[in-house]
Amino acid sequence: RWLTCKSLPPGALERIADTIADRLRVPWFSGAVKINVSLVPPLVLLPVFLHVAALHFLLGLIILTSLPVVVLWYYYLTHRRKERTLFFLSLGLFSLGYMYYVFLREVVPRGHVEYSQVVALTCGLILMLAALSRAKKDPGYLPIQAGDEKPSHQGLPNRSVRGSSSGLHGNSGAASSRAVNGEAKGYCRMPAEQPEGVKKDWCTKCQLVRPARAGHCRLCGRCVKRLDHHCVWINSCVGEQNHQAFILALSFFMLTSVYGITLTLHTICRGRTPFVALLYCPGAYSDYSSALSFTCVWYCAIVTAGMGYILLIQLLNISYNVTEREARLALRDNTGRRLLGGLVIDTGHYNRGLLCNWGHFLSLGSSPPQRSAEDIV
């Protein structure tokens, strides 16, 4: 019916795509292994597009311009449908591996890159992958209530609970005696009472009382302590337990990528500074090897610029002690202040100064200090 341009029942194409995705399997000794369809496009299309872009300058311009548009379109498509996908994680990891392969195969044999520089680039890549592996772990999921345990205030799902939640959540009373707002204290002393307007609330989906700054991720279906955002590049939430590793992975990526771009441009565009060579390199398309290396450099530059913007926003948010989720809610409710040209939204609830904010961030995930009887009194 589709080939003959006849009308299709609602949802027919989606069901066909889901069936094809379920049947796409690879034979194995212990049984057929299902392949996630979102893993396949980056593995196939990225090398093809980059090799085609290396054939001519105009082809490179068209492909390198259209790639970010396609990625953003796919992001908005999956975000609107509230779907988790491995496409972005697969694209990121395969891009790293393929760029490293092109560097070793096309750039290093030219003899202008020293052995120590290759070792430094490799170490940066390994450190970035180690930080990424740590960021992929538990972001700080709140425990889900057992099926046979029903909270005493289940009939009041929409009522927010202020202050202490003793009697409503099993261990929240003990947690509130150890830390403020359910979070570990930094070296800068935080006020004992909750900031005005900050409250604990009840999650109707997870059936639990969330501590302050926790949030429910609609993609993961879980509540996360100090939820910042759901990152499609790691296919996981960024929360209290993995926020530091996430920033570390971004930092290592930026350093490694800029270093690799610099080494490649010094090799194929000798005698020019990296910035000038990125914009004007007359001999880049003199042979296919140089053209492929130059195309990969531009691809890396586009990805690095995007990740650099994400890192900048993260560093600014940490400096003002605000999460990405809190910034979005403040914009929606018109309760925050736009600072630095709108790059950061200060909610005013947790900002205690630059040093105190960074001390609080560096103490995330650590066990809160024990309070003495004198402090309690």
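Residues numbered from 1 in each chain as written. Predicted model: local features only at pLDDT ≥ 70, side-chain atom pairs only at ≥ 80, totals over all residues. Heavy atoms only, no water.

Asker: Looking at this model, I keep getting lost on the overall build of the protein chain. Mind explaining?
Answerer: Across its full length, the protein chain carries twelve helices and ten strands. Taken across its 377 residues, the protein chain has 40% of its residues classed as buried. Approximately 21200 Å² of the protein chain is accessible, and the part contributed by carbon and sulfur atoms is 63%. (Helix = DSSP H or I, 4+ residues; strand = E, 2+ residues; numbered from the N terminus. Buried < 20%, exposed > 50% of the residue type's maximum accessible area, 1.4 Å probe, protein only. Areas by Shrake-Rupley, 256 points an atom, 1.4 Å probe, with all protein chains shown as cover.)

Asker: Which parts of the structure should I look at to understand the packing of helix H9 (residues 288–319) against helix H11 (residues 354–362)?
Answerer: The relative placement of two packed helices comes down to the angle between their axes together with the axis-to-axis distance. Direction vectors running N to C along H9 and H11 enclose 110°, while the axes themselves pass 8 Å from each other. If you check the angle between H9 and H11, you find them roughly perpendicular. Residues Leu315, Ile318 and Ser319 of H9 form the contact with H11, whose participating residues are Leu354, Asn357, Trp358 and Phe361. The residue inventory of the contact of H9 with H11, partitioned by class, reads five nonpolar, two polar and no charged. (Axes fitted to C-alpha atoms, helices over the stretch in contact; angles between N-to-C directions. Parallel < 35°, antiparallel > 145°, perpendicular 65-115°, else oblique. Contact = heavy atoms within 4.5 Å. Nonpolar A, V, L, I, M, F, W, Y, C, P; charged D, E, K, R; others polar.)

Asker: Whenever I open this one, unusual backbone geometry confuses me. Can you help?
Answerer: Leaving glycine out, the prevailing phi sign among residues is negative, and the prevailing peptide bond configuration is trans. Positive phi outside glycine occurs at cysteine 5, with the angle close to 65°. By the secondary structure assignment, cysteine 5 is in the segment before helix H1 (12–23). Phi at arginine 213 takes a positive value of approximately 75°, unusual for a residue other than glycine. Structurally, arginine 213 can be placed in the loop between strand S4 (208–210) and strand S5 (215–217). Exposure remark for arginine 213: the relative accessible area of 5% places this residue in the buried category.

Asker: Help me understand the packing of helix H5 (residues 115–135) against helix H7 (residues 243–268), please; the structure alone is not making it clear to me.
Answerer: Between H5 and H7, the least distance of the axes is 8 Å, while the angle of their chain directions is 155°. For the element pair H5 / H7, the angle class is roughly antiparallel. The element H5 and its partner H7 pack so that their crossing is left-handed. Along its contact with H5, which presents Gln117, Ala120, Leu121, Gly124, Leu125, Leu127, Met128, Ala131, Leu132, Arg134 and Ala135, the element H7 presents Ala245, Phe246, Leu248, Ala249, Phe252, Phe253, Thr256, Tyr259, Gly260 and Leu263. (Left-handed = near helix turned anticlockwise from the far one by under 90°.)

Asker: Whenever I open this one, a positive patch on the surface confuses me. Can you help?
Answerer: On the surface, Lys82, Lys205, Arg218 and Arg328 cluster together into a positively charged patch. Among the secondary structure elements, lysine 205 is positioned in the loop between strand S3 (201–203) and S4. Owing to a relative accessible area of 63%, lysine 205 belongs among the exposed residues under this scheme. (Patch = residues over 30% accessible without salt bridge, like charges linked within 9 Å, V, L, I, M, F, W, Y side chains within 5 Å. Salt bridge = Lys/Arg side-chain N within 4 Å of Asp/Glu carboxyl O. Lys, Arg positive; Asp, Glu negative; His and termini not counted. Charge placed at Lys NZ, Arg CZ, Asp CG, Glu CD.)

Asker: Could you clarify how one ought to interpret the UniProt feature "transmembrane region" (unreviewed entry) in the protein chain in this entry?
Answerer: The feature "transmembrane region" (unreviewed entry), as given by UniProt, occupies residues 48–74, 86–103, 115–132, 245–268 and 288–312 in the numbering adopted here. For residues 245–268, the end-to-end C-alpha separation is 34 Å, with 100% helix and 0% strand making up the annotated structure. Helix makes up 100% of residues 288–312 and strand 0%. Its end C-alpha atoms lie 36 Å apart. (UniProt positions renumbered as here; feature names shortened; annotations may be inferred.)

Asker: Help me understand H5 in this model?
Answerer: Residues separated by three or four positions in an α-helix point in the same direction, a consequence of the helix having 3.6 residues per turn. With 21 residues, H5 ought to run about 30 Å at 1.5 Å a step, and its terminal C-alpha atoms sit 30 Å apart, in line with that. For H5, the complete set of buried residues consists of Val118, Leu121, Gly124, Leu125, Met128, Ala131, Leu132 and Ala135. On an axial view of H5, the arc spanned by its buried residues comes to 155°, and they lie on one face. Among the exposed residues of H5, those oriented more than 90 degrees off its buried face are Tyr115 and Ile126. Contacts made by the buried residues of H5 are with helix H4 (87–107) and H7. (Expected span 1.5 Å × (residues − 1). Arc of directions from axis to C-beta.)

Asker: Would you take a moment to explain the pattern of salt bridges for this structure?
Answerer: It is possible for side chains of opposite charge to pair when their charged atoms get near one another. Applying the stated rule across the entire model yields six salt bridges. Note that lysine 225 is salt-bridged to glutamate 240, the shortest N-O span being 3.9 Å. Here the residue lysine 225 occupies a position in the loop between strand S6 (222–224) and strand S7 (229–231), and glutamate 240 occupies one in the loop between strand S8 (236–238) and H7, the gap between them amounting to 15 residues. The exposure class assigned to glutamate 240 is buried, which follows from its relative accessible area of 7%. Note that aspartate 333 is salt-bridged to arginine 332, the shortest N-O span being 3.1 Å.

Asker: Can you walk me through the environment of threonine 347 in this structure?
Answerer: Note that threonine 347 resides in the loop between strand S10 (344–346) and H11. Linking threonine 347 and tyrosine 320, residues 27 residues apart in sequence, is a C-alpha distance of 8.7 Å. Excluding its chain neighbours within four sequence positions, the residues that come into contact with threonine 347 are Val322, Glu326, Ala330 and Thr335.

Asker: Explain the state of the cysteines here, please?
Answerer: Disulfide: a covalent bond connecting the sulfur atoms of a pair of cysteines. Here the structure, examined in full by the defined rule, presents one disulfide. Residue cysteine 269 pairs covalently with cysteine 281 via a disulfide, S to S 1.7 Å. Across the disulfide from cysteine 269 to cysteine 281, rotation about the S-S bond amounts to roughly -105°, and the bridge is consequently left-handed. Residue cysteine 269 is located in the loop between H7 and helix H8 (274–279), and its partner cysteine 281 is located in the loop between H8 and H9; the two are separated by twelve residues in the primary sequence. For cysteine 269, a relative accessible area of 4% gives the class buried. (Disulfide = S-S within 2.5 Å.)

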